[in-house]
Amino acid sequence: MSETTLVIVPGWRGSGPGHWQSLWAQQLDGAVRVEQDDWHAPTRREWVQRLAETILAQPGPVVIAAHSLGCITTAHLPPAASRRIAGALLVAPADPERRGALADFAPVPYQRLPYRSVLVASDNDPYCPVRLAGAYARAWGSDFVRLPNAGHINIESGHGDWPLGLALLQSLRPAPLAREPAASPTAFSAQGFTSTLSPAM
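My aim in this report is to walk through the structure given alongside it, one point at a time. The residue numbers shown here count from 1 along each chain, following its written sequence. The predicted nature of this model means local features are confined to residues of pLDDT at least 70 and side-chain atom pairs, given and counted, to a pLDDT of 80 or more, with totals for whole chains, interfaces and linings taken over all residues. Just so you know, side-chain values use all the structure's heavy atoms and leave hydrogens and water out.

Quick look at unusual backbone geometry
Thinking step 1. Across the junction of A106 and P107, the peptide omega takes the value -5°, indicating a cis bond.
Thinking step 2. In DSSP terms, a helix is any run of H or I states spanning at least four residues, a strand is any run of E spanning at least two, and both are numbered starting from the N terminus. Structurally, the position occupied by P107 is in the loop between β4 (85–91) and β5 (116–122).
Thinking step 3. One non-glycine residue, R13, lies in the positive phi region at around 70°.
Thinking step 4. Inspection of the secondary structure assignment puts R13 in the loop between β1 (5–9) and α1 (20–27).
Thinking step 5. Residue R13 is classed as exposed on the basis of its relative accessible area, which comes to 52%. Note on classification: 1.4 Å probe, protein chains only; a residue is buried when its accessible area is under 20% of the maximum for its type, exposed when over 50%, partly exposed between these limits.

Some thoughts on the packing of aromatic side chains
Thinking step 1. Two rings belonging to Phe, Tyr or Trp (six-membered ring only in the last case) form a pair when the distance between their centres is within 6.5 Å. Interplanar angles under 30 degrees mark stacking, angles over 60 mark edge-to-face geometry, and anything in between is tilted. For the coordinates displayed, the defined rule picks out 7 aromatic pairs.
Thinking step 2. Here the aromatic rings of W39 and W47 are separated by 5.4 Å at their centres, their planes lie at 80°, and the arrangement is edge-to-face. An identical accessibility class is assigned to W39 and W47; each is buried.
Thinking step 3. Three or more aromatic residues joined by ring pairs form one cluster here, namely W20, W24 and W162.
Thinking step 4. For a lysine, the NZ atom is tested; for an arginine, the CZ atom; a charge sits over a ring if that atom is within 6 Å of the ring centre and within 35 degrees of the ring normal. The ring of W12 has R13 lying over it, and the distance from NZ or CZ to the ring centre is 4.0 Å.

Here's the deal with the nonpolar core
Thinking step 1. Definition used in this section: a nonpolar core is a set of buried Ala, Val, Leu, Ile, Met, Phe, Trp, Tyr and Cys residues joined via side-chain atoms within 4.5 Å. If you look at the biggest cluster of nonpolar residues, it comprises 39 residues, and the most contacted ones within it are I64, L119 and W140.
Thinking step 2. Contributions of two or more residues to this core are made by β1, α2 (44–56), β3 (62–67), α3 (69–75), β4, β5 and α5 (130–140).
Thinking step 3. For this core, the element with the highest residue contribution is α5, accounting for 7 residues.
Thinking step 4. The residues contacting L119, other than those within four sequence positions of it, are L90, P93, A133, Y136, A137, W140, S142, D143, F144 and V145.
Thinking step 5. By size, the runner-up hydrophobic cluster in this structure holds 23 residues, among which are I8, L28, L164 and L166. Only heavy atoms matter for contacts: two residues are in contact if any of them lie within 4.5 Å across the pair.

Let's talk about the pairing of strand β6 (residues 143–147)
Thinking step 1. When you tally the buried positions in β6, you get 4 out of 5 residues, the bulk of the element.
Thinking step 2. Should DSSP find at least two bridges between two strands, the strands are taken to pair. Two strands pair when backbone bridges link them, and β5 and β6 are joined in this way by 5 bridges, in the parallel orientation. Across the sheet, the residue bridging to S122 is L147, located in β6.

Shown next as structure tokens:
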């Protein structure tokens, strides 16, 4: 099997310094970060097209690490791009049907994803009720990980380097993650999460 490329998919307004996506883009060897033309006024056509172009530009299969609106963008991908995905970590998906600035991404696709995925959600995410995140997971066929009191799983909720996320990402990749030489290995602790890698019920 060809080596997979990690494709990092930020959400609305991007992922700033210190966000786990920004740290992974810097630290993980060969990671590719999707760059949108407009982070503040997203449109589905442009965001999905840019993500599809990024995936198809890679030499082999990819693993997705998406956050917030990036998860919904991933779900909207056309088949040609979806076929190149070996796995996806979908973190704190957005709820575009309840937020006007994201309305162009509604309705959210409820078809099963054609690759393995892990959806991580928090029980107090201000941008998406955990029950809706669970409904996404069931529809998409994703393993569901529910975190207690983790907010939007971003820098504001204290999720910087996020060892748990790295461990979940590793579960989707056929080969160990390689860090840039300057970075030290990250330890993983399972403390603090209530459901791991189990299909949503």
